[in-house]
Amino acid sequence: MKYHKPLPDIKGIGETYWKNLKKGKLTIQHCNDCQRMFFYPRVACPICGGTRIAFKEHNGLGEIYSYTIAHKSIVDGFKDEVPYVVALVRLDGVRGNMMTNIVDCELNDIEIGASVEIEYRDVTEDITLPIFKLVKEGN
Amino acid sequence: MSIFDNIAIAGVAESDLGVVQNMNSADLMAQASVRAAEEAGINIKEVDGLFSSSAHYSMPTVTLAEYLGITPKYMDATSIGGASFVSLVAHAAQAISNGLCEVALIAYGSTQRTDGGGLKNITEPTPFEVPFGYHDPITAYALTAQRHMHEFGTTREQLSEVAVSTRKWASMNKKAFKRELITHEEVSNSTLISTPLTKLDCCLVTDGGAAIILTTKERAKSLNKKPVYIWGYGESTTHRSISNMLDLVTTAAAYSGKSAFEMAGVEPKDIDVAELYDAFSINVILFLEDLGFCEKGEGGHFISNGNIAPGGNLPVNTNGGGLSYCHPGMYGLFTIVEAARQLREECGERQVENCNIALAHGNGGVLSSEVTMVLSNNPKS
Ligand SMILES: [Zn+2]
């Protein structure tokens, strides 16, 4: 299977995050010094500076902090798929935003503050991307 | 007492701008440099402090020294994106203050337009953004604009007004790349790139360079031009990638501006002209708020009804800015060039009356690094 979009370089402290995504698990770092969670993965907590940090499973629920609908793009694999949605998602209880795509919805239904949930999208043998969908009302 | 008390800007210049065939980035940087030295009345070979930043050259001050045949005593190639140059002028002033050099040259040049038209970009992709169609830098600015509209009711019309007002200034600047007046509708209806931003919300892609000669106040007094003085300065950063801008509607200009105003001993109401790095229309709204010209969230209202256009209460980007005058990849140094010319009353048709205190503001990355400088045609008393 050929995949034409840009792929992440997973080397670094974040490799655990990517390997867990491959297994269908979203894991976010938790700081045992300040008891807060933060994204992206680091060796020191950006909230308190603590280093007693561990990955913890997250339910993949959050809300849209901001979004944009790309109508023109120069990005490989994306330029032929306009319009597409790039969003910043604020995961419940997590400091920091996660950039992602919002998929499987009417563009008009997307709004800031909307609840979203993760969908694991296998794109290569090594990489599974965290994509998000709108949480349907009544769920 | 301030570290800038004994320093003055003695010369400012642009290289050829717009579409410059048969020149490379170093040529433009050097052309602006010799023009700035010539304006000041200083031989370029007297330069003993070199300051630059570049997306074209990995060691820009070394490249420029070789090109000009200079062996400087002091160099600094601060790399904080387009904000580097306002920062470098301050760093150069500190170096002169400390006796590390006497004649400082701050220079920039880029042929990003004739190199192929795209933004020359050395931004490293972050693994947490690159898989999602992130288009640097417009995706980032679109995300901030969308959030600003959501939180404060800022309108599409107000974004357009920034571009319309800036173009009015550009129409009075013969060096501006785009000079024909535009309407709100033309901005709103131009090609939609990434909601809510259209093509006319985005800065130009041009060739160009700029340079500034800085020296001691004593030396400057005996040179060709009316000296321009630095009263205050501040710099900061809140994030590198847009995902990590935790408050998408507040930039580090809130910190850099506070430092600059405190050092200068003035307030936003004292500023006669503001030159703000307008990579996108939303920048102007954000910076006017963060620098304290209006309350947070009031930026869209503040710029309305021609308030920052010719004849408005606060002239902003009187050269036509990055939106209409020139934007060769990194625009920062041009904010100081125009501020100096306004303070020296050299701007002809677009000259702001009684212009004695100016603000220049540089922006780098994706609203990542912010640097503010307050300048005057009088020494700080
Ligand atoms: Zn912590």
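None of the values given here were measured: they were computed from a predicted structure.

I tried to follow the UniProt feature "domain: Thiolase C-terminal" (unreviewed entry) in chain B on my own but got confused; where do I start?
The positions that UniProt labels "domain: Thiolase C-terminal" (unreviewed entry) are, in the present scheme, residues 234-377 of chain B. Within residues 234-377 of chain B, the helical portion is 30% and the strand portion 17%, while the C-alpha atoms at the span's ends are 19 Å from each other.

Teacher, can you tell me more about the coordination of the zinc ion here?
Residues and elements named next belong to chain A. Looking at the zinc ion, the protein donor atoms are Cys-31 (SG), Cys-34 (SG), Cys-45 (SG) and Cys-48 (SG), and they sit 2.3 to 2.4 Å from it. Around the zinc ion sit four donor atoms; with metal-centred angles ranging over 103 to 114°, the donor geometry is tetrahedral. We note that the donor set of the zinc ion lies within a single chain, spaced as C-x2-C-x10-C-x2-C. Note that Cys-34 is positioned in the loop between β1 (26-31) and β2 (37-38) and Cys-48 in the loop between β2 and β3 (53-58), a separation of 14 residues in sequence.

Help me understand a nonpolar patch on the surface in this model?
All names here are of chain B. A surface patch of nonpolar side chains, amounting to about 280 Å² of accessible area, comprises Met-59, Val-62 and Met-75. Within the secondary structure, Val-62 sits in helix α2 (residues 60-68). Residue classification places Val-62 among the partly exposed residues on the basis of a relative accessible area of 40%.

What should I look at first to understand the state of the cysteines in this one?
A covalent bond between the sulfur atoms of two cysteines is referred to as a disulfide. Within this structure, the stated rule accounts for zero disulfides over all chains. Of the cysteine sulfurs around Cys-355 of chain B, a residue in no disulfide, the closest is that of Cys-347 of chain B, at 8.0 Å.

How should I be thinking about the interface of chain B and chain A in this particular structure?
Often the size quoted for an interface is simply the accessible area lost on bringing the parts together. Taken residue by residue, the interface counts 27 residues in chain B and 36 residues in chain A. Across the chain B to chain A interface the summed buried area is about 2800 Å²; carbon plus sulfur atoms make up 65%. On the chain B side of the contact with chain A, Phe-128, Phe-132 and Leu-246 of chain B bury the most area, a combined 27% of that side's loss. In this structure, the connection of chain B to chain A is made through zero salt bridges. Our enumeration of links across chain B and chain A arrives at 14 residue pairs in polar contact (both at pLDDT 80 or more). Elements with a contribution of two residues or more to the side of chain B that touches chain A: α4 (138-152) and β5 (192-194) of chain B. Ranked by the residues each element gives to the side of chain B that touches chain A, the list is headed by α4 of chain B, at six residues. Considering only residue class, the side of chain B that touches chain A consists of 14 nonpolar, 10 polar and three charged.

Looking at this model, I keep getting lost on α2 of chain B. Mind explaining?
Residues lying three or four places apart along an α-helix face the same way, a consequence of the helix completing one turn every 3.6 residues. All names here are of chain B. Listing the buried residues of α2 in full gives Pro-60, Thr-61, Leu-64, Ala-65 and Leu-68. When α2 is viewed along its axis, its buried side chains cluster within an angular range of 135° and face the same direction. The inward-facing, buried residues of α2 abut α1 (25-40), β2 (49-52), β3 (74-76) and β4 (104-110).

Help me out: how do you make sense of the pairing of β4 of chain B in this one?
Along any regular strand, the residues point their side chains to alternate faces of the sheet. Residue and element names in this part refer to chain B. Burial of β4 is extensive: seven of the seven residues sit out of reach of the surface. Across the two faces of β4 the burial is the same, with Ala-104, Ile-106, Tyr-108 and Ser-110 and Leu-105, Ala-107 and Gly-109 all buried. Pairing of β2 with β4 involves four bridges; the strand directions are parallel. Opposite Gly-49, over in β4, you have Ala-104 as the bridge partner.

Which parts of the structure should I look at to understand the sheet that holds β3 of chain A?
By way of backbone hydrogen bonds, the strands of a sheet pair with one another, either parallel or antiparallel. Residues and elements named next belong to chain A. Ordered in space as β3-β1-β2-β6, the four strands form an open sheet in which the pairing is mixed. With partners counted over all chains shown, the strands left at the sheet margins are β3 and β6 (94-95), one partner each. By the bridge criterion, two bridges tie β1 to β2 in an arrangement that is antiparallel. For His-30, the partnering residue across the bridge sits in β2 and is Met-37. Strand contacts of helix α1 (residues 15-22): β1 and β3, with the helix running at about 145° to β1, the strand carrying the most contacts.

Any chance you could explain the packing of helix α3 (residues 84-97) of chain B against helix α12 (residues 332-343) of chain B here in plain terms?
If you want to describe how two helices pack, look at the angle between their axes and the distance between the axes. Residue and element names in this part refer to chain B. Packing of α3 against α12 leaves a shortest axis separation of 6 Å and a crossing angle of 60°. Relative to α12, α3 is oriented oblique. Counting all contacts with α3, which are made through Phe-85, Val-86 and Val-89, the residues of α12 involved are Gly-332, Leu-333, Thr-335 and Ile-336. Among the residues forming the contact of α3 with α12, the class breakdown is five nonpolar, two polar and no charged.

Hey, could you run me through the nonpolar core in this one?
Where a protein is soluble and globular, its nonpolar side chains tend to be buried together. Within the largest apolar cluster, 160 residues are counted, with the highest numbers of intra-cluster contacts made by Ile-102 of chain A together with Leu-105, Ile-106, Leu-214, Leu-288, Phe-293 and Leu-375 of chain B. In terms of residues, this core owes the most to one element, α3 of chain B, which gives nine residues. If near-sequence neighbours (up to four positions away) are discounted, Ile-102 of chain A is found in contact with Ile-64, Val-85, Ala-87, Val-89, Ile-110, Val-116, Phe-132 and Leu-134 of chain A.

Would you mind showing me how to read unusual backbone geometry here?
Excluding glycine, residues mostly have negative phi values, and the peptide bonds linking residues are mostly trans. Val-82 of chain A connects to Pro-83 of chain A through a cis peptide bond whose omega is -5°. Following Asp-136 of chain B, the chain continues into Pro-137 of chain B via a peptide bond in cis, with omega recorded as 0°. Relative to the helices and strands, Pro-137 of chain B resides in the loop between β4 and α4. Non-glycine residue Asn-317 of chain B carries a positive phi angle of around 55°. For Asn-317 of chain B, the location among the structural elements is in the loop between α10 (299-302) and α11 (321-325).

What should I look at first to understand the side chain of Asn-173 of chain B in this one?
Residues and elements named next belong to chain B. One can find Asn-173 in the loop between α5 (156-170) and α6 (184-188). With relative accessibility at 4%, the residue Asn-173 sits in the buried group. Within polar-contact distance, the side chain of Asn-173 engages the backbone nitrogen of Lys-175 at 3.0 Å. Setting aside residues no more than four positions away along its own chain, Asn-173 makes contact with Arg-179, Asn-319, Tyr-325 and Arg-350.

When you look at the confidence of the model for chain B in this model, what are you seeing that I'm missing?
Low pLDDT marks stretches whose predicted atomic positions should not be read closely. Here chain B shows a mean pLDDT of 97. Residues at 70 or above account for 99%. Our summary of model confidence lists the complex with pTM equal to 0.97 and ipTM equal to 0.97.

Here is what the cut-offs are and how they apply
- Residues numbered from 1 in each chain as written.
- Chains lettered and ligands numbered in written order.
- Predicted model: local features only at pLDDT ≥ 70, side-chain atom pairs only at ≥ 80, totals over all residues.
- Heavy atoms only, no water.
- UniProt positions renumbered as here; feature names shortened; annotations may be inferred.
- Helix = DSSP H or I, 4+ residues; strand = E, 2+ residues; numbered from the N terminus.
- Donors = N, O, S within 2.8 Å, 3.2 Å for Na, K, Ca; no water.
- Tetrahedral: all angles 85-135°; square planar, octahedral: opposite > 155°, others 65-115°.
- Patch = residues over 30% accessible without salt bridge, like charges linked within 9 Å, V, L, I, M, F, W, Y side chains within 5 Å.
- Areas by Shrake-Rupley, 256 points an atom, 1.4 Å probe, with all protein chains shown as cover.
- Salt bridge = Lys/Arg side-chain N within 4 Å of Asp/Glu carboxyl O.
- Buried < 20%, exposed > 50% of the residue type's maximum accessible area, 1.4 Å probe, protein only.
- Disulfide = S-S within 2.5 Å.
- Contact = heavy atoms within 4.5 Å.
- Buried area = accessible area lost by both parts, 1.4 Å probe.
- Polar contact = N/O pair within 3.5 Å; in protein donor to acceptor, adjacent residues only side chain to side chain.
- Nonpolar A, V, L, I, M, F, W, Y, C, P; charged D, E, K, R; others polar.
- Arc of directions from axis to C-beta.
- Pairing = 2+ DSSP bridges.
- Axes fitted to C-alpha atoms, helices over the stretch in contact; angles between N-to-C directions.
- Parallel < 35°, antiparallel > 145°, perpendicular 65-115°, else oblique.
- Core = buried A, V, L, I, M, F, W, Y, C linked by side-chain atoms within 4.5 Å.
- pLDDT = per-residue confidence, 0-100.

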